[in-house]
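Read off the chains here:
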Amino acid sequence: MSEQTAHTPKTIELATDQVQELAQLSSSVLAERYQQSLLGVFGAPRRVLVRGAGRHVWDADGNQYLDLLGGIAVNTLGHANPLLTSVIASQLATLGHVSNFFTSPSQIALAEKLLEISAAPAGSKVFFANSGTEANEAALKLTRRNAGTEEAPRTRVIALEQAFHGRTLGALSLTYKEKYRAPFAPPPGNVTWIPAGDIDAPRAAVDETVSAVFIEPIQGEAGVKMLSAQYLQAARDITREAGALLVFDEVQTGMGRTGSFFASAPVIPDVMTLAKGLGGGFPIGAMIVFGQENTAWLTPGDHGTTFGGNPVACTAGLAVIHTIESQNLLDQVRSNGHWPREQLAAVPGISAVRGAGMLTAFELAQANAPKLVAAALEAGFIINATDDSTIRLAPPLVITQEQLGGFLAALPPLIASA
Ligand SMILES: *Cc1c(COP(=O)(O)O)cnc(C)c1O
């Protein structure tokens, strides 16, 4: 017996025993253990989850939940998707990690696939990272190279009010919320935020001092704030005119979430960042750099990562895209996504509904959103509050109308109670 086969089962068994022992404990004991061992940046966890299948997850006490948040727009194919889990396992059993001194067929295949589905022009290239914030860090580094000249330096970056781009220092410097940024001042960049959605704002702000403009095509964390196709096209025209680079952050909106692969299509930016849904739950981020002139901004040694582009993550990305294509999920997202928004608009206590595809937010006229989240959880539904009056839904793309209908039927009394 080889050393590997001798050790592998034992290691797994040990890990499983330890986890299984914990799974026997009550939720309150586990919450205590969590608080003793995990840094308190997330607050108290709402539940201890032990299993997922399709659109459902189960907690340590055996309660079932319909997952209408999908790990925050991550679990594209639902939980424990058989194809995704089997290709991840077989890739890991074949070749799990190599450094970026090497490449692998899955890395090249995913890069080629991303260039294909983003309609990237010849000469476009991909960089792989492990998360959304890392993809945005890469984009920020790339756009810093658009530095202008000594006499006319480009020292400013433009982002939108309410923007969310991540929590590492570079991405954080683009993020609008003062509460997230202020404790970690000073920021590394010189960022100006402009009102979202008003074409006159970038027209006035983007000049020869600006290196880049960062835009989420739909502002997810802000509560699914929509930007029009005309606005995205205007941003494209204005940045090109001013010599600034345009970055679309599609970390939340990409990979079929809105009913097309990218919410910004057909507008093509200079750089697009992806993460969340790309791996269907396996961590991966990506930066697509459009056009030969933009790929020249970063040269060997300018950026790097140990894990980024590893064969397992890239295989996960390929399986997600393959499933979206082979199961016509984009069509399904468009038809199933529209319907609940129409129904939600008619629910008493809801004052506004926004969204595209499987990304939806609704405003509560009176009810308290965090209270509604807690009540929905008690009733077996995972939803999310982006602020005190806004609820966001980002379920797996494969969720059915019947499952969405179950939530809609349960909603009126839950709103009344909140
Ligand atoms: C979630 C998110 C990020 C950050 O991604 P992480 O993987 O959490 O680092 C960046 N931009 C947008 C638009 C997001 O929704």
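Predicted model only: the values in this text are computed from it and were never measured.

Attention shifts here to the site of the ligand. Taken together, S131, G132, T133, N136, F164, H165, G166, E216, D249, V251, Q252 and K276 are the residues near the ligand. Within the contact set of the ligand, an oxygen atom lies 2.7 Å away from a side-chain nitrogen or oxygen of Q252. Computed on the free molecule, the ligand has an accessible area of 380 Å², of which 82% lies beneath the protein chains in the complex. When residues of the shell around the ligand are assigned to their parent elements, the largest contribution, three residues, is made by helix α6 (residues 132–144). When the residues that make up the shell around the ligand are grouped by side-chain class, the tally is two nonpolar, seven polar and three charged.

We now examine the domain arrangement of the protein chain. With domains assigned, the protein chain is organised as domain 1 (98–326) and domain 2 (329–365 + 388–402). If you average the C-alpha positions of domain 1 and of domain 2, the two centres end up 26 Å apart. Taken together, the contact between domain 1 and domain 2 spans 18 residues of the former and 17 residues of the latter. Carbon and sulfur atoms supply 63% of the area buried between domain 1 and domain 2, which totals about 1,400 Å² over both sides. Taken together, the links from domain 1 to domain 2 amount to one salt bridge. Residue R392 pairs with E221 through a salt bridge whose shortest N-O separation is 2.6 Å. Applying the counting rule to domain 1 against domain 2 returns nine residue pairs in polar contact (both at pLDDT 80 or more). Those elements giving two or more residues to the side of domain 1 that touches domain 2 turn out to be β9 (225–226) and α12 (311–326). Counted by class, the side of domain 1 that touches domain 2 contains six nonpolar, nine polar and three charged residues.

Conventions adopted
- Residues numbered from 1 in each chain as written.
- Predicted model: local features only at pLDDT ≥ 70, side-chain atom pairs only at ≥ 80, totals over all residues.
- Heavy atoms only, no water.
- Near = heavy atom within 4 Å.
- Polar contact = N/O pair within 3.5 Å; in protein donor to acceptor, adjacent residues only side chain to side chain.
- Areas by Shrake-Rupley, 256 points an atom, 1.4 Å probe, with all protein chains shown as cover.
- Helix = DSSP H or I, 4+ residues; strand = E, 2+ residues; numbered from the N terminus.
- Nonpolar A, V, L, I, M, F, W, Y, C, P; charged D, E, K, R; others polar.
- Domains from an automatic or database assignment.
- Contact = heavy atoms within 4.5 Å.
- Buried area = accessible area lost by both parts, 1.4 Å probe.
- Salt bridge = Lys/Arg side-chain N within 4 Å of Asp/Glu carboxyl O.

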